[in-house]
Amino acid sequence: MPDPESTQRLILASASPRRAELLQQIGVPFAVAATSVEERRGVDESPRDYVLRLAREKSRAGFAQVQQSSHAGAAVWSLGADTIGVVDGQILEKPRDFADFTRMMRLMSGREHSVLTAVCLSGAGGEFSEVVETRVRFRALDRALLEGYWNTGEPQDKAGGYGIQGMGAVLVESIHGSYSNVVGLPLEALAELLERAGIAYWQTGTKLGATCP
Ligand SMILES: Cc1cn([C@H]2C[C@H](O)[C@@H](COP(=O)(O)OP(=O)(O)OP(=O)(O)O)O2)c(=O)[nH]c1=O
């Protein structure tokens, strides 16, 4: 296990409440620094390269941000992540509108798609990253189901347009691989990165991270 003395030094470079909850779940003390990174795929960029680049850009932006703030002394690592769905080589991000949502759901209906999450830790001590894939199979979805789900408001801010941890669970027939990876952070792979960076987890009594000024 990493040295518990080296724990108060992690910034979560994310506005995602899911990621904050997952980090808290494994007992990592952290502060939150929201970053703004443009999510635009490059020409010929593979889904894996794309998701990893975004996670890196987020973690580096978080690290640069805290270096300029009063947290600089304490925060030596920044964690960024990005999640996408992939089916038939197409990348599924947050739905722009109902039409975009139904387009993505039709691609996933009654079959398997992949969810890729990239995590990256950036710090003065270096950079560690990983991309994790989970395969998710949906049951057959009809229009009434899609309309009902869209109207819950849950799909709008989620990659692929669903939340496996929420009402979207009813769409899922089976999953192969890490569950937390689908929600936004692959906790088992992240634990290994934290160990490499010397950041302790399983700290009891940790609270949701405060926002950096
Ligand atoms: C597939 C799936 C995605 N998601 C979420 C995880 C991510 O928050 C979101 C994907 O968008 P991201 O762009 O990865 O993340 P974000 O914009 O929410 O947050 P930030 O960039 O600030 O870190 O979709 C779920 O919550 N449940 C799911 O089942």
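Residue numbers run consecutively from 1 along every chain, following the written order of its sequence. Confidence filtering applies because this is a predicted model: local features only for residues at pLDDT of at least 70, side-chain atom pairs given and counted only at 80 or more, and all residues used for totals across whole chains, interfaces and linings.

### Regarding the overall build of the chain
In terms of helices and strands, the chain carries six helices and eight strands. Runs of E in the DSSP output that reach at least two residues are strands. Runs of H or I that reach at least four are helices, and both are numbered from the N terminus. Secondary structure elements in the chain, listed N-terminal to C-terminal, are β-α-β-α-β-β-α-β-β-α-β-α-α-β. For every residue pair, C-beta atoms are placed from the backbone, and the pair is scored as a contact if these atoms sit within 7 Å. Taking contacts inside the chain between residues at least 6 apart in sequence as the whole, the part at least 24 apart equals 74%.

### Digging into the UniProt feature "active site" (unreviewed entry) in the chain
UniProt positions are given in the numbering used here, feature names are shortened, and annotations may be inferred rather than shown by experiment. Within the UniProt annotation, "active site" (unreviewed entry) is assigned to Asp82. With respect to the element layout, Asp82 can be found in strand E3 (residues 77-87). Not counting residues up to four positions away in its chain, the partners in contact with Asp82 are Val51, Leu54, Ala55, Lys58, Thr117 and Ala118.

### Concerning helix H3 (residues 98-108)
To sort residues by exposure, count the other C-beta atoms lying within 10 Å of each residue's C-beta; 20 or more gives buried, 12 or fewer gives exposed, and values between give partly exposed, all with C-beta atoms placed from the backbone. Buried within H3 we find Phe101, Met104, Met105 and Met108. The buried side chains of H3 occupy one side of the element, clustering within an arc of 100 degrees when seen end-on. Turned more than 90 degrees away from the buried face of H3, the exposed residues are Ala99 and Arg106. Those residues of H3 that are buried lie in contact with E3, strand E4 (90-92), strand E5 (112-123), strand E6 (126-138) and helix H4 (143-151). The first or second residue beyond H3 is Gly110, which carries a positive phi of 70 degrees. Taking the helix axis as origin, the arc is that swept by the directions to the C-beta atoms.

### Here we look at the site of the ligand
Residues are counted as near a molecule or strand when the C-beta atom, derived from backbone positions, lies within 6 Å of that molecule or strand. As a structural note, the neighbourhood of the ligand is formed by 21 residues, with Ser14, Ser16, Ala159, Ile164 and Gly184 the closest of them. Mapped by element, the contributors of at least two residues to the shell around the ligand are helix H1 (17-25), E3 and helix H5 (179-183). Top contributing element to the shell around the ligand by residue count: E3, with three residues. Looking at the shell around the ligand residue by residue, the classes come out as eight nonpolar, eight polar and five charged. Any residue outside Ala, Val, Leu, Ile, Met, Phe, Trp, Tyr, Cys, Pro, Asp, Glu, Lys and Arg is labelled polar, Gly included; the first ten of those are nonpolar and the last four are charged.

### What about helix H6 (residues 187-197)?
Listing the buried residues of H6 in full gives Leu187, Leu190, Leu194 and Ala197. Projection of H6 onto a plane perpendicular to its axis shows the buried side chains occupying an angular sector of 75 degrees, all on one side. Residues of H6 that are exposed and point more than 90 degrees away from the buried face comprise Glu188 and Glu192. The secondary structure elements touched by the buried residues of H6 are H1, E3, E5, E6 and H5.

### Description of the pairing of E3
Most of E3 is tucked away, with 10 of its 11 residues classed as buried. In this analysis, strands are considered paired if DSSP registers two or more bridges between them. Where strand E1 (residues 10-12) meets E3, three bridges bridge the pair, whose relative direction is parallel. Within E3, the residue paired with Leu12 across the bridge is Leu79. For E3 and E5, the ladder comprises 10 bridges, and the chain directions are antiparallel. Within the sheet, the bridge partner assigned to Gly85 lies in E5 and is Val115. By the bridge criterion, three bridges tie E3 to E4 in an arrangement that is antiparallel.

### Let's talk about the environment of Leu146
With respect to the secondary-structure elements, Leu146 resides in helix H4. Taking the number of C-beta atoms within 10 Å as the measure of exposure, Leu146 has 20 and is therefore buried.

### Examining the UniProt feature "site: Important for substrate specificity" (unreviewed entry) in the chain
UniProt feature "site: Important for substrate specificity" (unreviewed entry): in the numbering of this structure it lies at Arg18, Thr83 and Gln165. For the residues just named, distributed over 148 residues, the greatest C-alpha separation is only 14.4 Å, placing them together at one site. Tracing the backbone through its elements, the reader meets Arg18 in helix H1. Each residue touching Arg18, except ones within four places of it in the same chain, is listed here: Val183 and Gly184. Among the structural elements, Gln165 can be located in the loop between H4 and strand E7 (172-176).

### Things to note about the confidence of the model for the chain
pLDDT is a residue-level measure of predictor confidence that goes from 0 to 100. For the chain, mean pLDDT is 91; residues scoring 70 or higher make up 90% of the total. Confidence drops under pLDDT 50 across residues 1-7; counting only partners more than four residues distant or on other chains, this segment forms 17 contacts. Under the prediction, the complex receives an ipTM of 0.98, its pTM being 0.93.

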